[in-house]
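# Chains, contacts and geometry: an overview
Each chain, letter by letter, is given below.
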Amino acid sequence: VARCVTEPIQPHLLDMMVRCLGVMRDVRVLFVWNANYVQASPGRRNELRQQTRKLFVYCASTKMLNVISVYNDFESDGHYYTYSYFPSFHLERKKLEDSCFPNRLKNMQGAALRTLPDQNEPRSIVWRDRWGHLQIGGYMAKVIETFACHHNATISYPKLLVPDVTYEYDVVFS
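Residues numbered from 1 in each chain as written. Predicted model: local features only at pLDDT ≥ 70, side-chain atom pairs only at ≥ 80, totals over all residues. Heavy atoms only, no water.

## Quick word on the nonpolar core
Worth spelling out the cut-off: Note on terminology: a nonpolar core comprises buried Ala, Val, Leu, Ile, Met, Phe, Trp, Tyr and Cys residues joined through side-chain atoms within 4.5 Å. Exposure categories follow from relative accessible area, calculated using a 1.4 Å probe and restricted to protein chains: below 20% of the type maximum is buried, above 50% is exposed, and the middle band is partly exposed. Strands are runs of DSSP state E lasting at least two residues, helices are runs of H or I lasting at least four, and both sets are numbered from the N terminus onward.
Counting residues in hydrophobic clusters, the biggest one holds 22 residues, and the most contacted among them are Phe-31, Leu-55, Cys-59, Met-64 and Val-67. Those elements giving two or more residues to this core turn out to be α1 (15-21), β2 (29-33), α2 (42-61) and β4 (79-84). With six residues, α2 is the single largest residue contributor to this core. Judged by nonpolar contacts, the second largest core, of six residues, contains Phe-86, Ala-111, Leu-113 and Ala-153.

## Let's talk about the sheet that holds strand β3 (residues 67-70)
Definition in use: At least two bridges found by DSSP between two strands is the condition for calling them paired. Lines fitted to C-alpha atoms define the axes, with helix axes restricted to the stretch in contact, and inter-axis angles between N-to-C directions lie between 0 and 180 degrees.
Taken in spatial order, the five strands of this open sheet run β1-β2-β3-β4-β5, and their pairing is mixed. The sheet is open, and its two borders are formed by β1 (2-5) and β5 (90-95), each paired with just one other strand. Strand-to-strand twist in this sheet, taken as the mean axis angle between neighbours without regard to direction, amounts to 30°. With two bridges joining them, β3 and β4 adopt antiparallel strand pairing. Following the sheet pairing, Ser-69 is matched in β4 by Tyr-81.

## Some remarks on the packing of aromatic side chains
Heads up, the condition is: Only rings of Phe, Tyr and Trp enter the pairing, Trp through its six-membered ring, and a pair is recorded when the two centres are within 6.5 Å. The plane angle decides the type: under 30 degrees is stacked, over 60 is edge-to-face, the rest tilted.
Per the stated rule, a full pass over the model turns up eight aromatic pairs. On the numbers, 5.7 Å between centres and 85° between planes, the contact of Tyr-83 with Tyr-85 is edge-to-face. Through a chain of ring-to-ring contacts, three or more aromatic side chains come together here, namely Phe-56, Tyr-83, Tyr-85, Phe-86 and Phe-89.

## Side note on the pattern of salt bridges
Quick reminder of the rule: In what follows, salt bridge is the name for a side-chain nitrogen of Lys or Arg lying within 4 Å of a carboxyl oxygen of Asp or Glu.
Taken as a whole and judged by the stated rule, the model has seven salt bridges. Between Lys-94 and Glu-92 there is a salt bridge; the shortest N-O distance is 3.7 Å. By relative accessible area, which is 22% here, Lys-94 ends up partly exposed. Using a relative accessible area of 17% as the deciding quantity, one classes Glu-92 as buried. Linked by salt bridges that have partners in common, Glu-7, Arg-44 and Glu-47 make up one network.

As structure tokens, this is what we get:
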């Protein structure tokens, strides 16, 4: 997807694009600013960086992973801009020779995956062993553990894990 953006950035104008993408958050998106960066004054460059940050904060809030931004004169500058979630949100300035859309989930740098066992055997189950230690099992629990290990993530449980207690999805995702 390619999208032209103007200043000041108005994230609500991007809502339709996000709705059209639906749950496809791995779509590659290129934003082209209707502004020049190379010949801009230092104050103007600062304004442009702030607008880019605002755009990327919006993209991060909508869980869009593969987003880059360029200015009209990007060829003479030789750079593009993007952001990363990991280990925390930050902007990145990259050379055109760099991979524009790397696998963002390849190394999550210890970021937390929020999940809860659903207590439906055989998917996931919580119990206490004979020594009273909390245990989590089931094939879905193993899938999530394997994903976290493979992508250098950690697992976080937003609610207290209690054997034989299930949570409704609206409680889990609130």
